[in-house]
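Residue-level listing of the chains:
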Amino acid sequence: MMDYEVIFSNIPLYFEGLWVTIQLVLMALVLGFFLALPIALLATSKNILLRVPPKSYIYFFRGTPLLVQMFMIYHGMGQFEAIRESVIWIVFKEAYWCALIAFALNTAGYTAEILRGTIEQTPFGEIEAARACGMSKTTLYRRIILPGTFRRALPAYGNEVIFMLHGSAVAGVITIVDLFGAAKIVNSRYFVPFESFITAGFFYLCVTFIIVGLFKKLEFRWYAHLHPRTI
Amino acid sequence: MFNLHGYFPMILEGMLLTVEVALLSLVISVVLGMIGALAKLSNYRLARGAATVYTTIIRGIPDLVLMTVVYFGGQMLVNDIGYALEWEYIDISPFVAGTLTIGFIFGAYMTETFRGGILAVSKEEIEAGYAFGMKRSQVFLRLTLPLMVRHALPGFGNNWMVLAKTTALVSVIGLQDMVFKAGMAGGATRQPFTFYLVVAMLFLVITGVSDLGLRWVNRRFSIGVRSA
């Protein structure tokens, strides 16, 4: 009943799709992280006026589906003549860049919320001690608050990386040949819906396991101070 | 920019479908989650193994991929079985495929949430139940179940919010939910951004209302819990 001949002959297509998926996810994560950091720092500010814009950003991007956000950029930007006539149209007319922008903005929202939570969890004693040592505000953040923040954020961030990987499948909807897009092509050429999509699912599963493994390793290193003492 | 050209009622119709899909799949996911949690905590190794395979595989594959597998692949499977057994043609509608898949996916997340909730019920309360001479089923229905709700509620709320957003994917398999309708209206009026923004706002309405509801439920189930 199953027809895996065509899958094996199309394996290169799946690997090309995998490569596109990895590109999109990695770039989105890096961009999103650097966007998330200032957003999270502003969101923990004591000034309410500074806090409102980052919190609204987080609320919007966490409260709406990634698919809709991507459509707003891919289908939506063409609505504005100013954008269509300007130079940046080169970016917005390409599905690839639209997906990347949507993914980066989306993961920035989730990452900022994770970081906001862990910044606020910084034990006050650490801040007090740093101040007693005469650290300036930037040194305090650089040496005390941020390292601890990243460490506490690691498990939640690992989940976010997996969510981003899984969410990135929507790129296949807007003509990009990522893993899901590759499965769509194989399905439409040979009409093997079950085999084609299951194969993509298997690839995603493997990448997920690799990410989980990497984060476990990273956690082992970063939480070294919490290991039980060995002789 | 906010001239909707009379398409708003159509979008709201789509929203109704979105809410329907979300609520139906929530019911499926709660049932599956309960079964999964009990299986994971059971004494039978086979049940534990099956539940672990279920949660691991489902949480490792993107929802969109699972949905297309069920929608396209499920149709082929039903056709093949139907052909062999000489049934009449059975059509798997996008509604059925979407609802079942989302329910199935979030059943895996609910399994973990409910398992945690059940484990968080304190042992003394269960022991007290047995000391009163309750049977296992009575202990479960009268003590464990009502008490685990309180612990599982925050996780349940999170799962529900994610589930509600996931329903947007049913538009990809052709179900005319509000994302699909926004696409149609956006194409007809050449204002796709406006309509997708409206849909985004409606999603915020859904999550906002759910948040209020969940807070109310949380208050009810936390009666008698002391907090500062």
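For the structure given in this document, a descriptive report is provided here. (Residues numbered from 1 in each chain as written. Chains lettered and ligands numbered in written order. Predicted model: local features only at pLDDT ≥ 70, side-chain atom pairs only at ≥ 80, totals over all residues.)

### Comments concerning the overall build of chain A
Assigned secondary structure in chain A consists of 11 helices and 0 strands. Listing each helix as α and each strand as β along chain A from the N terminus yields α-α-α-α-α-α-α-α-α-α-α. The principal-axis extents of the C-alpha atoms in chain A amount to approximately 70 × 60 × 25 Å. Counting all 231 residues of chain A, 39% fall into the buried class. (Helix = DSSP H or I, 4+ residues; strand = E, 2+ residues; numbered from the N terminus. Buried ≥ 20, exposed ≤ 12 C-beta atoms within 10 Å, placed from the backbone.)

### A closer look at the overall build of chain B
Within chain B, the regular secondary structure consists of 8 helices and 0 strands. C-alpha extents for chain B along the principal axes are approximately 70 × 60 × 30 Å. Expressed as a percentage of its 228 residues, the buried residues of chain B come to 39%. In chain B, the proportion of contacts linking residues at least 24 apart, taken out of those at least 6 apart, comes to 77%. (Contact = placed C-beta atoms within 7 Å.)

### Quick look at the interface of chain B and chain A
Counting from both sides, the interface comprises 31 residues of chain B and, opposite them, 28 residues of chain A. Looking at the side of chain B that touches chain A, the elements with two or more residues in it are α2 (45–60), α3 (63–85), α7 (178–189) and α8 (192–221) of chain B. Among the elements that line the side of chain B that touches chain A, the one with the most residues is α3 of chain B, at 10 residues. Looking at the side of chain B that touches chain A residue by residue, the class counts come to 21 nonpolar, 6 polar and 4 charged. (Nonpolar A, V, L, I, M, F, W, Y, C, P; charged D, E, K, R; others polar.)

### With respect to the nonpolar core
Counting 110 residues, the largest nonpolar core has Val68, Met70 and Ala200 of chain A together with Val65 and Val199 of chain B as its most contacted members. At 13 residues, the largest contribution of residues to this core is made by helix α7 (residues 95–120) of chain A. Beyond its immediate stretch of four places on either side in the chain, methionine 70 of chain A contacts Cys98, Ala99, Ala102, Val170 and Ile174 of chain A. (Core = buried A, V, L, I, M, F, W, Y, C linked by C-beta atoms within 7 Å.)

### Let's talk about the packing of helix α10 (residues 179–190) of chain A against helix α11 (residues 193–222) of chain A
When two helices pack together, their arrangement is given by the angle between the helix axes and the distance between those axes. Residue and element names in this part refer to chain A. For the pair α10 and α11, the least separation of the axes is 8 Å and the interaxial angle reads 165°. Taken together, the axes of α10 and α11 lie roughly antiparallel to each other. Once α10 is placed against α11, the crossing between them reads as right-handed. Counting all contacts with α10, which are made through Leu179, Phe180, Ala182, Ala183, Val186 and Asn187, the residues of α11 involved are Pro193, Ser196, Phe197, Thr199, Ala200, Phe203 and Tyr204. Looking at side-chain class alone, the contact of α10 with α11 contains 10 nonpolar, 3 polar and no charged residues. (Axes fitted to C-alpha atoms, helices over the stretch in contact; angles between N-to-C directions. Parallel < 35°, antiparallel > 145°, perpendicular 65-115°, else oblique. Left-handed = near helix turned anticlockwise from the far one by under 90°.)

### Regarding the packing of helix α2 (residues 11–43) of chain A against helix α9 (residues 137–167) of chain A
Residues and elements named next belong to chain A. The geometry of α2 relative to α9 is characterised by a closest axis approach of 10 Å and an angle of 135° between their N-to-C directions. Classed by the angle they form, the pair α2 and α9 counts as oblique. In this structure, α2 crosses over α9, and the sense of that crossing is right-handed. Contacts between α2 and α9 involve Val25, Ala28 and Leu29 on the former and, on the latter, Val161, Met164 and Leu165. Looking at side-chain class alone, the contact of α2 with α9 contains 6 nonpolar, no polar and no charged residues.

### Focus on helix α6 (residues 136–166) of chain B
Residues and elements named next belong to chain B. An ideal rise of 1.5 Å per residue puts 45 Å on 31 residues; α6 reaches only 37 Å between its terminal C-alpha atoms. Along α6, the largest kink reaches about 55° and is centred on alanine 152; proline proline 154 follows within four residues of it. On its buried side, α6 packs onto α1 (8–40), α3, α4 (94–120) and α8. (Expected span 1.5 Å × (residues − 1). Bend = angle between axes of the 7 residues up to and from the residue.)

### Quick word on unusual backbone geometry
Unusually for a residue other than glycine, phenylalanine 191 of chain A sits at a positive phi of about 50°. Judged by local crowding, phenylalanine 191 of chain A falls into the exposed class, with 12 C-beta atoms found within 10 Å. Unusually for a residue other than glycine, arginine 190 of chain B sits at a positive phi of about 60°. Looking at the element boundaries, arginine 190 of chain B is found in the loop between α7 and α8. C-beta crowding within 10 Å serves as the criterion here: with 10 such atoms nearby, arginine 190 of chain B is assigned to the exposed category.

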